[in-house]
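Coordinate inspection notes
So the chains spell out like this:
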Amino acid sequence: MFVLAELRDTVRITPDLFNLKLPEAIKDEINRKLANKVLLNVGLCIALKDIVRLGDSIILPGDGASHTEVNFRYIVFRPMVGDEITGKIRSCSREGVHITLGFFDDILIPPSALQHPSRFEEAEQAWVWEYPLEDGKKHDLYMDIGENIKFRVSGEVFEESSPIGPPDQEVASTSTSKADAKTPYRIIAAINESGLGLLSWWASQTQGDEDGEEEQEAEEDGEEMEEEDE
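The structure displayed is predicted, hence computed values, not measured ones. (Residues numbered from 1 in each chain as written. Predicted model: local features only at pLDDT ≥ 70, side-chain atom pairs only at ≥ 80, totals over all residues. Heavy atoms only, no water.)

Quick word on the overall build of the protein
Scanning the protein from terminus to terminus reveals three helices and 13 strands. Scored against the burial criterion, the 230 residues of the protein give a buried share of 29%. Total accessible area on the protein is roughly 14,700 Å²; 48% of this is exposed by carbon and sulfur atoms. (Helix = DSSP H or I, 4+ residues; strand = E, 2+ residues; numbered from the N terminus. Buried < 20%, exposed > 50% of the residue type's maximum accessible area, 1.4 Å probe, protein only. Areas by Shrake-Rupley, 256 points an atom, 1.4 Å probe, with all protein chains shown as cover.)

Re the confidence of the model for the protein
With 80% of its residues at a pLDDT of 70 or more, the protein has an overall mean of 86. Counting interchain partners and residues more than four positions distant, the pLDDT-below-50 stretch residues 171-179 has two contacts. (pLDDT = per-residue confidence, 0-100. Contact = heavy atoms within 4.5 Å.)

Structural notes on the sheet that holds strand β4 (residues 66-77)
Here four strands make up an open sheet; going across it, the order is β1-β4-β3-β2 and the pairing antiparallel. On the outer flanks of this sheet lie β1 (2-13) and β2 (38-39), each paired with one strand and no other. When β1 meets β4, the two strands line up antiparallel, connected through twelve bridges. If you follow Asp9 over to β4, its bridge partner there is Val70. Each of β1, β2, β3 (43-59) and β4 touches helix α1 (residues 22-34); the most contacted strand, β3, lies at about 135° to it. (Pairing = 2+ DSSP bridges. Axes fitted to C-alpha atoms, helices over the stretch in contact; angles between N-to-C directions.)

Some words on the nonpolar core
With 30 residues, the main nonpolar core has Val97, Ile109, Met143 and Phe151 as its most contacted residues. Only β5 (84-93), β6 (96-100), β7 (107-109), β9 (126-132), β10 (138-143), β11 (148-158) and β12 (185-190) provide two or more residues apiece to this core. Listed in part, the 14 residues of the second largest apolar core include Val11, Ile26, Leu34 and Phe72. (Core = buried A, V, L, I, M, F, W, Y, C linked by side-chain atoms within 4.5 Å.)

Things to note about a nonpolar patch on the surface
A grouping of Met1, Phe2, Ile46 and Phe103 is seen on the molecular surface, where their side chains present a nonpolar patch of about 340 Å² in accessible area. Mapped onto the secondary structure, Phe103 falls in the loop between β6 and β7. Phe103 gets classed as partly exposed once you look at its relative accessible area, which sits at 36%. (Patch = residues over 30% accessible without salt bridge, like charges linked within 9 Å, V, L, I, M, F, W, Y side chains within 5 Å. Salt bridge = Lys/Arg side-chain N within 4 Å of Asp/Glu carboxyl O.)

Next comes the structure, spelled out in structure tokens:
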């Protein structure tokens, strides 16, 4: 789920930070620049792991800041396809079930990747798994907001995001800016497999299985006692 990305950048340190040791100032600047940002085809940057190499620091004409080429390793959130992760349901819509991990919200389970058959309840704004019973009837299992859910990563989507327009067009484009804004990194997930979905579903089933095993053991013990009495 978390990987180490080897990156390189030229870090600019302004004169007001010259009182700090160079490695310390560079670490602060790298984290300020990258933390909680998405790098295209890399992932969501979490925190600096370490600095691998510091190049020579130079001061360019007309600029009092120092510029240092740095090779470093950064902790990045980018799960692999097939990874199983537990998160919480953030919301539901006809588009699917939206999941959050607390620090990352752009996870979607599309309708085709839900348990079958499932339906969307407009009034409740929730997806419902129509769980089949042995007598041919169905039991509705709701996917409510805040429920813990286990899913499998089935894909990822990176998109280049760019400014909507110059500042003077900000007011005029307010109504369309949200529609035009792109999500730089999204995860596509699935739960249409045994053991995936709301944790409460499988906890209930496990409890039922354990109760059944206890009843069976009690019956076997009773039979053994009857045989001994005979």
